[in-house]
Amino acid sequence: MTDSSVSRCGYVAIVGRPNVGKSTLLNHILGQKLAITSRKPQTTRHNMLGIKTEDNVQAIYVDTPGLHKHDDKALNRYMNRSASSALKDVDVVVFVVDRMRWTEEDQMVLDRVLHVRCPVLLAVNKTDRLDDKGELIPHLAWLQEQLPNAEIVPISALQQHNLDTLEQLVNERLPEGEHMFPEDQITDRSSRFLAAELVREKVMRQLGAELPYQVTVEIEEFKQEGRLLHIHALILVEREGQKKIIIGDKGERIKSIGTAARKDMEALFDSKVMLNLWVKVKGGWSDDERALRSLGYTDI
Ligand SMILES: Nc1nc2c(ncn2[C@@H]2O[C@H](COP(=O)(O)OP(=O)(O)OP(=O)(O)O)[C@@H](O)[C@H]2O)c(=O)[nH]1
């Protein structure tokens, strides 16, 4: 048990290859949808802090883009750098893997995690998908051999299974110290950023199979007027064909993306939202370092 009379505070990196469930895990730990998720790998592009303060413990989680092996494009290089830098200067690492599946990209993450000095927890996720839990046991033993110093915790982020145990283990490993953020702050990101990410999530979820992942979103207006929050968002794509896909037949697709994003925004901002979406072609942005910087991919 964590000694509740001692104040603890520290950074926790959530790392793993794309699509293992890092953002789902963060959202369930925080009890609030903050990080976007989708079935399409590489949904998360930026490091984002999710802050959880409970009693005397403040855990500052860093959700990272999944590390992946192709870094041929500027955007991919940016994502790999963000994920790697999160491993430096944290107090605990939560390495998320997908139950029985072990890939070359997991190996890449493992190679980095083996070099960290802080405690590592290995969260074996999606255990709800196992028909026979017994089949996991030899795999857990194999994982333990790969990371002898890590504590292994089987979880289901989606079904919220064993997350209390994981949190407890994280909290016990945080250093003693004063809290760095006010108790009611849950992220370091602005409301504009979160709004843009919600629109991007809906595009990825509704069109994941049809679109390459070169879609980004800019918020042009974010203004509270009385009880109504006005948000204008611009969806940037690489090609004319992608614009057509997003708009859809008679504008049906963009309408459905807008409805889904608005609902999540209303829950997150606790306000009625008027959302306007526009789609614009801006060729080559995902492989242009200057364009990436202008779109807020800062540490390039
Ligand atoms: N069955 C099951 N699915 C899960 C679980 N956790 C996450 N998922 C699903 O796995 C997919 C990927 O989840 P994300 O949370 O976006 O994964 P991520 O690791 O953040 O992905 P990147 O952004 O690509 O790095 C989504 O469809 C989730 O619903 C789980 O415990 N069980």
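Residues numbered from 1 in each chain as written. Predicted model: local features only at pLDDT ≥ 70, side-chain atom pairs only at ≥ 80, totals over all residues. Heavy atoms only, no water.

Chain-level pLDDT for the chain is 85 on average; 81% of the residues reach the 70-or-more range. Predicted confidence in the chain is weakest over helix H9 (residues 289–294), with a mean pLDDT of 58, and strongest over strand S5 (residues 120–125), with 98. Two summary scores accompany this predicted model of the complex, namely pTM at 0.77 and ipTM at 0.97. (pLDDT = per-residue confidence, 0-100. Helix = DSSP H or I, 4+ residues; strand = E, 2+ residues; numbered from the N terminus.)

Quick look at helix H4 (residues 136–146) now. All of the buried residues along H4 are Leu 136, His 139, Leu 140 and Leu 143. The buried residues of H4 all sit within an arc of 105 degrees when viewed along its axis, so they share a single face. Seen from the buried face of H4, the exposed residues on the opposite side, beyond 90 degrees, are Ile 137, Pro 138 and Glu 145. (Buried < 20%, exposed > 50% of the residue type's maximum accessible area, 1.4 Å probe, protein only. Arc of directions from axis to C-beta.)

Further remarks concern the pairing of strand S3 (residues 57–63). The two faces of a sheet get side chains in turn, since along a regular strand they alternate between them. The element S3 is largely enclosed, with a buried count of seven among its seven residues. Burial of S3 is two-sided: the residues Val 57, Ala 59, Tyr 61 and Asp 63 facing one way and the residues Gln 58, Ile 60 and Val 62 facing the other way are all buried. Strand direction decides the pairing type here: strand S1 (residues 8–15) and S3, joined by seven bridges, are parallel. Residue pairing across strands places Ile 14 opposite Asp 63, the latter belonging to S3. Judged from the seven bridges that link them, strand S2 (residues 48–54) and S3 form a sheet pairing that is antiparallel. Looking at S3, one finds that Thr 53 is bridged to Gln 58. Adjacent in sequence and paired antiparallel, S2 and S3 are bridged by two residues, among which Asp 55 carries a positive phi angle near 50 degrees. (Pairing = 2+ DSSP bridges.)

The subject of this paragraph is the environment of Asp 184. In this structure, Asp 184 sits in the loop between helix H5 (163–173) and helix H6 (191–207). The exposure class assigned to Asp 184 is exposed, which follows from its relative accessible area of 67%.

Where helix H7 (residues 240–247) meets helix H8 (residues 252–269), the axes come as close as 5 Å, and the angle between the chain directions of the two elements is 65 degrees. Between H7 and H8, the interaxial angle falls into the category roughly perpendicular. Contacts between H7 and H8 involve Ile 245, Ile 246 and Ile 247 on the former and, on the latter, Glu 252, Arg 253, Ile 254 and Ile 257. A breakdown of the residues in the contact of H7 with H8 according to their chemical character gives five nonpolar, no polar and two charged. (Axes fitted to C-alpha atoms, helices over the stretch in contact; angles between N-to-C directions. Parallel < 35°, antiparallel > 145°, perpendicular 65-115°, else oblique. Contact = heavy atoms within 4.5 Å. Nonpolar A, V, L, I, M, F, W, Y, C, P; charged D, E, K, R; others polar.)

Attention now moves to the pairing of strand S7 (residues 215–225). As defined by bridge partners, S7 adjoins strand S8 (residues 228–237) across ten bridges and the pair is classed as antiparallel. Looking at S8, one finds that Glu 225 is bridged to Leu 228. Joining the antiparallel neighbours S7 and S8 is a turn of two residues, in which Gly 226 adopts a positive phi near 60 degrees.

Scanning the entire structure with this criterion turns up 13 salt bridges. Linking Glu 225 and Lys 223 is a salt bridge whose minimum nitrogen-to-oxygen distance equals 3.8 Å. Glu 225 sits in the partly exposed class, given a relative accessible area of 43%. The network of salt bridges with shared partners includes Asp 98, Arg 99, Arg 101 and Lys 126. (Salt bridge = Lys/Arg side-chain N within 4 Å of Asp/Glu carboxyl O.)

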